[in-house]
Amino acid sequence: MNVQETIEAPPAEARPKIQIVPLAGLPVAAVLIGFVVYAIATNKFWPLMFCHVAGGALWTSIDLFVGLAVGPIIGSMSPPARAEFTAKFMPKMVIIMPTVVTMTLATGLQIAFHLGTLSPNSTARNWLIASMIVVGIMAVIALGVLEPANITVLWEMNKANPNPEIIGRMMKRFVYTAGITGVMQVATLVIMTRVATI
Amino acid sequence: MNGEQNFPKAVEIVTVSLAAVVVGGVWFGAHATSRPPLLLPTLMLIVGAVLLIVGVLMIARVAGFSWDTWVRVGRWALLAYVIAAGMIEFAFVRNHTRGAPLAVVTGMLVVFALDVPFLIATTVARYEESPAGG
């Protein structure tokens, strides 16, 4: 994979402006967050489990797919193709990822309270702590490196004269950190299936 | 533009701040159903808050830093991560976390909700051409 290869963006007048936060996605995100609030406030088990399982499945699948399938594909694309794909793909991630992560974590905590699985005598406790550690490491990588790189690429591509060196460097960060979080999601799958079968 | 070599290690420092509150949060979550020991989370909260302040002071000293871009990016990221932190806070409050444990977890969530916008906004703004040419 050659992610250091630079993206040669076409002239500014030829490029449509990238909408970094796709506004059409905000109502969907708002509805999902509202449903999370409802699930936690009512403490009803099905809404909690729906948000946690649906959010967690999406989070894990997207991380695995982006990290291990899409990332290497982006790395091997020609610079113009990579620029076009990035401009259309990355804004979607800006809305989708924080939403599914919030759904998963907030309801996961509430489910642990609800089931008492974090109490000292629970057999699932150690697995859940292991899960929190994995999520914690992924959070630092994703929020400290991946997400800033994602936004920086989009911001740079919106400039009249984008700097290909900055875009190349940030894309490299994005692809590698997505790969790391993708591999770490395998641990999440192992832990969560263990918890479900104890 | 602020060169890669000349820019202070503010992003790295604040990433450590984020790691500190995540460690405190994992510890707190692991003991959430009983009365959690507060020494480690409090220590992590203090470390996280101090490193965040250090990060802000470091970029404040950068000549020609693009504060306009920093604010434009940071305010939307702040909105997103205040909502995310608020959801987690809500789960603790809903489950009767009160007093000192609630204060510590709230503090850690505040640092978390400030760290992430700082990291995003600073990473974007450091590569911005400043009007002063810094």
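The following refers to the structure shown. Along every chain, residues carry numbers that run from 1 in the direction the sequence is written. Labels follow written order: the first chain is A, the first ligand is 1, and so on. With the structure being a predicted model, the display of local features is reserved for residues of pLDDT at least 70 and the display and counting of side-chain atom pairs for 80 or more, all residues being used for whole-chain, interface and lining totals. Remark: hydrogens and water are excluded; side-chain values derive from all non-hydrogen atoms of the structure.

1. What about the side chain of Thr177 of chain A?
All names here are of chain A.
- Where helices and strands are cited, they refer to DSSP runs of H or I of at least four residues and of E of at least two residues respectively, numbered from the N terminus. With respect to the secondary-structure elements, Thr177 resides in helix H5 (residues 164-196).
- Here a polar contact is taken to be a pair of N or O atoms separated by no more than 3.5 Å, where protein atoms must pair a possible hydrogen donor with a possible acceptor and residues adjacent in sequence count only if both atoms sit in side chains. There is a polar contact of 3.3 Å between the side chain of Thr177 and the backbone oxygen of Phe174.
- Setting aside residues no more than four positions away along its own chain, Thr177 makes contact with Ile141, Val145 and Leu146. The contact criterion used throughout is that any non-hydrogen atoms of two residues lie within 4.5 Å.

2. Structural notes on the nonpolar core
- To form a nonpolar core, buried Ala, Val, Leu, Ile, Met, Phe, Trp, Tyr and Cys residues must be joined to one another through side-chain atoms within 4.5 Å. Partly exposed residues are those whose accessible area sits between 20% and 50% of the maximum for their type, while under 20% is buried and over 50% is exposed, using a 1.4 Å probe and protein chains only. Leu18 and Phe112 of chain B are the most contacted members of the largest nonpolar core, which totals 90 residues.
- Other than its neighbours up to four places away in sequence, Phe112 of chain B contacts Leu143 of chain A together with Leu18, Val21, Tyr81, Ala85 and Pro117 of chain B.

3. A closer look at helix H3 (residues 79-115) of chain A
- Helix span is expected to be 1.5 Å times the residue number reduced by one. The terminal C-alpha atoms of H3 of chain A lie 50 Å apart, and with 37 residues this matches the ideal 54 Å at 1.5 Å per residue to within 8%.
- The sharpest bend along H3 of chain A reaches about 30° and sits at Thr86 of chain A. We define the bend at each residue as the angle formed by axes fitted to the 7 residues ending at it and the 7 residues starting at it.

4. Looking at the packing of aromatic side chains
Residues and elements named next belong to chain A.
- Each Phe, Tyr or Trp ring (for Trp, its six-membered ring) is paired with any other whose centre lies within 6.5 Å, and the angle between the two planes then decides the class: stacked below 30 degrees, edge-to-face above 60, tilted in between. This model, assessed by the stated rule, comprises 12 aromatic pairs over all chains.
- Here Phe35 and Trp46 contribute two aromatic rings whose centre-to-centre distance is 6.5 Å and whose plane-to-plane angle is 65°, an arrangement assigned as edge-to-face. Taken together, the positions of Phe35 in helix H1 (residues 26-42) and Trp46 in helix H2 (residues 45-76) put the pair 11 residues apart, joining distant regions of the chain.
- The exposure class assigned to Trp46 is exposed, which follows from its relative accessible area of 58%.
- Here the aromatic rings of Phe35 and Phe50 are separated by 6.0 Å at their centres, their planes lie at 75°, and the arrangement is edge-to-face. Taken together, the residues span a long stretch of sequence, with Phe35 in helix H1 and Phe50 in helix H2 at a distance of 15 residues.

Functional significance is not addressed by these values, which are geometric in nature.
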